[in-house]
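# Structural overview
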Amino acid sequence: MIKSKIKVLIADDHALMRQGLKQILELEDDIEVVGLAINGEETIKKTQQLKPHIVLLDINMPQMNGIQALRRLKDMGVDARIIMLTIHEDKEYLFETINIGASGYVLKDAESSSLTKAIRDVYAGDSYIHPSLASSLVREFNKRGSTDEEFKRERLTRREYEVLILIAEGQNNKEIAESLFISEKTVKNHVSNIFKKIDVNDRTQAAIYAYKHNIKKI
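Residues numbered from 1 in each chain as written. Predicted model: local features only at pLDDT ≥ 70, side-chain atom pairs only at ≥ 80, totals over all residues. Heavy atoms only, no water.

The name given to the protein in an unreviewed UniProt entry is Stage 0 sporulation protein A homolog, and the organism recorded there is Geosporobacter ferrireducens. Taken from UniProt, the Function (unreviewed entry) comment for the protein reads in full: "May play the central regulatory role in sporulation. It may be an element of the effector pathway responsible for the activation of sporulation genes in response to nutritional stress. Spo0A may act in concert with spo0H (a sigma factor) to control the expression of some genes that are critical to the sporulation process." (UniProt positions renumbered as here; feature names shortened; annotations may be inferred.)

### Quick look at the pattern of salt bridges
A full pass over the atoms with the stated rule returns 11 salt bridges. For Glu26, the salt bridge goes to Lys22, with nearest N and O atoms at 2.5 Å. Note that Asp121 is salt-bridged to Lys117, the shortest N-O span being 2.9 Å. With a gap of 4 residues between them, Asp121 and Lys117 both fall in helix 5 (residues 112–123), about one helical turn apart. What emerges from the salt-bridge pattern is a single network uniting Asp12, Asp58 and Lys108. (Salt bridge = Lys/Arg side-chain N within 4 Å of Asp/Glu carboxyl O. Helix = DSSP H or I, 4+ residues; strand = E, 2+ residues; numbered from the N terminus.)

### Here's the deal with the nonpolar core
In a soluble, globular protein the nonpolar side chains are often hidden away together inside. Counting residues in each nonpolar core, the largest one holds 24 residues, and the members touching the most others are Val55, Leu57, Leu70, Ile82, Met84 and Tyr105. If you list the elements that add at least two residues to this core, you get strand 1 (6–11), strand 3 (54–58), helix 3 (66–76), strand 4 (81–86), helix 4 (91–100) and helix 10 (203–212). Residue contacts for Val55: discarding those within four places in its chain leaves Leu9, Thr43, Thr47, Ala80, Arg81, Ile82 and Ile83. Within the second largest apolar cluster, 21 residues are counted, among which are Val187, Phe195, Ile198 and Ile215. (Core = buried A, V, L, I, M, F, W, Y, C linked by side-chain atoms within 4.5 Å. Buried < 20%, exposed > 50% of the residue type's maximum accessible area, 1.4 Å probe, protein only. Contact = heavy atoms within 4.5 Å.)

### Section: empty space enclosed by the protein
Here the structure, examined in full by the defined rule, presents 1 cavity of 30 Å³ or more. A volume near 30 Å³ is recorded for the largest cavity. What lines the largest cavity is simply Asp126, Ser127, Ile167, Gly170, Gln171, Asn172 and Arg203. Among the residues making up the lining of the largest cavity, the classes are represented as 1 nonpolar, 4 polar and 2 charged. (1 Å grid on protein atoms, 1.4 Å probe; cavity = no way out; pocket = protein on both sides within 12 Å on 5 of 7 lines; lining within 4 Å. Points joined across faces, edges and corners; volume = space filled by probe spheres on them. Nonpolar A, V, L, I, M, F, W, Y, C, P; charged D, E, K, R; others polar.)

### Structural notes on unusual backbone geometry
One non-glycine residue, Gln63, lies in the positive phi region at around 50°. For Gln63, a relative accessible area of 51% corresponds to the exposed category.

### Looking at the environment of Val187
Residue position: Val187 is located in helix 9 (residues 184–198). Through-space distance from the C-alpha of Val187 to that of Val163 is 7.6 Å; in sequence the pair is 24 residues apart. Ignoring sequence-local partners within four residues, the contact set of Val187 consists of Asn173, Ile176, Ala177 and Ile182.

### Quick notes on the environment of Thr43
For Thr43, the position within the fold is in helix 2 (residues 40–50). By relative accessible area, which is 0% here, Thr43 ends up buried. Residues Thr43 and Met64, 21 residues apart in the sequence, show an inter-C-alpha distance of 9.4 Å. Discounting chain neighbours no more than four positions away, the residues touching Thr43 are Leu9, Ala11, Ala37, Val55, Leu57, Met61 and Leu73.

### Re the sheet that holds strand 4
Pairing within the open sheet is parallel, and its 6 strands lie in the order 2-1-3-4-5-6. With one partner strand each, in any of the chains shown, strand 2 (31–37) and strand 6 (128–129) form the two edges of the open sheet. Examined bridge by bridge, strand 1 and strand 3 share 4 bridges and lie parallel to one another. Counterpart to Ile10 in the pairing with strand 3 is Leu56. Contacting strand 1, strand 2 and strand 3, helix 2 runs over the sheet at an angle of about 140° to strand 2. (Pairing = 2+ DSSP bridges. Axes fitted to C-alpha atoms, helices over the stretch in contact; angles between N-to-C directions.)

### What about the environment of Asp202?
Looking at the secondary structure, you find Asp202 in the loop between helix 9 and helix 10. When residues no more than four places from it in sequence are discounted, the contact partners of Asp202 are Ala102 and Phe195. A distance of 3.2 Å separates a polar side-chain atom of Asp202 from the backbone nitrogen of Thr204. (Polar contact = N/O pair within 3.5 Å; in protein donor to acceptor, adjacent residues only side chain to side chain.)

Here's what the structure looks like:
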């Protein structure tokens, strides 16, 4: 049986970046670049037309920037999952994209292996936050005055607390199951309970919640 490829749409207003990303991804057997977009409006149209699994979306673009395009795509209820392409200076915008529903964050100067991992993780239903970007987010949360008191540890069972820590470390369900010596089904149940208890919608938001509240290994 031939495994279906992950269909990716690249949205960036710089031609060199678009072509560079395309060349990197075309080296992967399980990834197919189905289209390129140069601004937010074109991203919307091509997402509707091409129905990619993943949209790599640059934050800074003309004629509707990446954040506006992300919001529009989410409002439209498209199936594509969105990975934001960013540089360090863009971190102030990431809080908004988290709330809107982006599934991943990749720095433009990251290694190609980080990009392909992000695509595969997000396609599998997980989230991806580049480690150095996560550190920036933690510092930004601290600037905004977040305190540990906001997090009530008694909300979670000890096992749920352990699972949340591993989510924040970027592990997927299979990896968490292996780390804790439990089944993937059990992990899925824990993840679902965690989302309800801390009032988040996806793994990215759960990870940011853990960073925000300084949740660490017991």
